Amino acid sequence: MYKCPECGHTSNEAGTCPACNVPLVNESEDNTKEESDAADNS
Ligand SMILES: [Zn+2]
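Model, not experiment: these values are computed from the prediction. (Residues numbered from 1 in each chain as written. Predicted model: local features only at pLDDT ≥ 70, side-chain atom pairs only at ≥ 80, totals over all residues.)

K.L.:
Explain the overall build of the protein here, please?
P.N.:
Across its full length, the protein holds 0 helices and 3 strands. Its helices and strands in sequence order give the protein the pattern β-β-β, from N to C terminus. (Helix = DSSP H or I, 4+ residues; strand = E, 2+ residues; numbered from the N terminus.)

What follows is the structure, encoded as structure tokens:
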């Protein structure tokens, strides 16, 4: 899902918002967290 950061227009494909003419940003449902909880066993 791609979403316009300006108006919230969504599209299922990459491109630009037809209203704002700004690049749509990819919104994924899963927030890929960075691997911060690494093994810290000493
Ligand atoms: Zn827009």
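K.L.:
Explain the sheet that holds strand β3 (residues 25–26) to me, please; I cannot follow it from the model alone.
P.N.:
Two strands in a sheet stick together by hydrogen bonds in their backbones, pointing the same way (parallel) or opposite ways (antiparallel). Here we have 3 strands laid out as an open sheet, ordered β2-β1-β3, and antiparallel in their pairing. Edge positions in the sheet fall to β2 (10–11) and β3, since each has one partner strand and no second. By the bridge criterion, 2 bridges tie strand β1 (residues 2–3) to β3 in an arrangement that is antiparallel. The residue of β3 that forms the bridge with tyrosine 2 is asparagine 26. (Pairing = 2+ DSSP bridges.)

K.L.:
What is the right way to read the environment of alanine 14 from this model?
P.N.:
Turning to its location among the elements, alanine 14 is positioned in the loop between β2 and β3. Looking at alanine 14, the number of C-beta atoms within 10 Å reads 10, which means it is exposed. Separated by 11 residues in the primary sequence, alanine 14 and valine 25 place their C-alpha atoms 7.7 Å from one another. Here alanine 14 is in contact with Tyr2 and Leu24, once residues within four sequence places are set aside. (Buried ≥ 20, exposed ≤ 12 C-beta atoms within 10 Å, placed from the backbone. Contact = placed C-beta atoms within 7 Å.)

K.L.:
Hey, could you run me through unusual backbone geometry in this one?
P.N.:
Glycine aside, negative phi is the norm for most residues, and most peptide bonds take the trans geometry. Phi is positive for asparagine 21, close to 60°, though the residue is something other than glycine. As for its placement among the helices and strands, asparagine 21 is situated in the loop between β2 and β3. We classify asparagine 21 as exposed; it has 9 C-beta atoms within 10 Å.

K.L.:
Whenever I open this one, the environment of cysteine 4 confuses me. Can you help?
P.N.:
Tracing the backbone through its elements, the reader meets cysteine 4 in the loop between β1 and β2. Take cysteine 4: there are 20 C-beta atoms within 10 Å of it, and that puts it in the buried class. Between the alpha carbons of cysteine 4 and asparagine 26 there is a distance of 8.9 Å; along the sequence they are 22 residues apart. Setting aside anything within four residues of it in sequence, one finds cysteine 4 in contact with His9, Cys17, Cys20, Val22 and Leu24.

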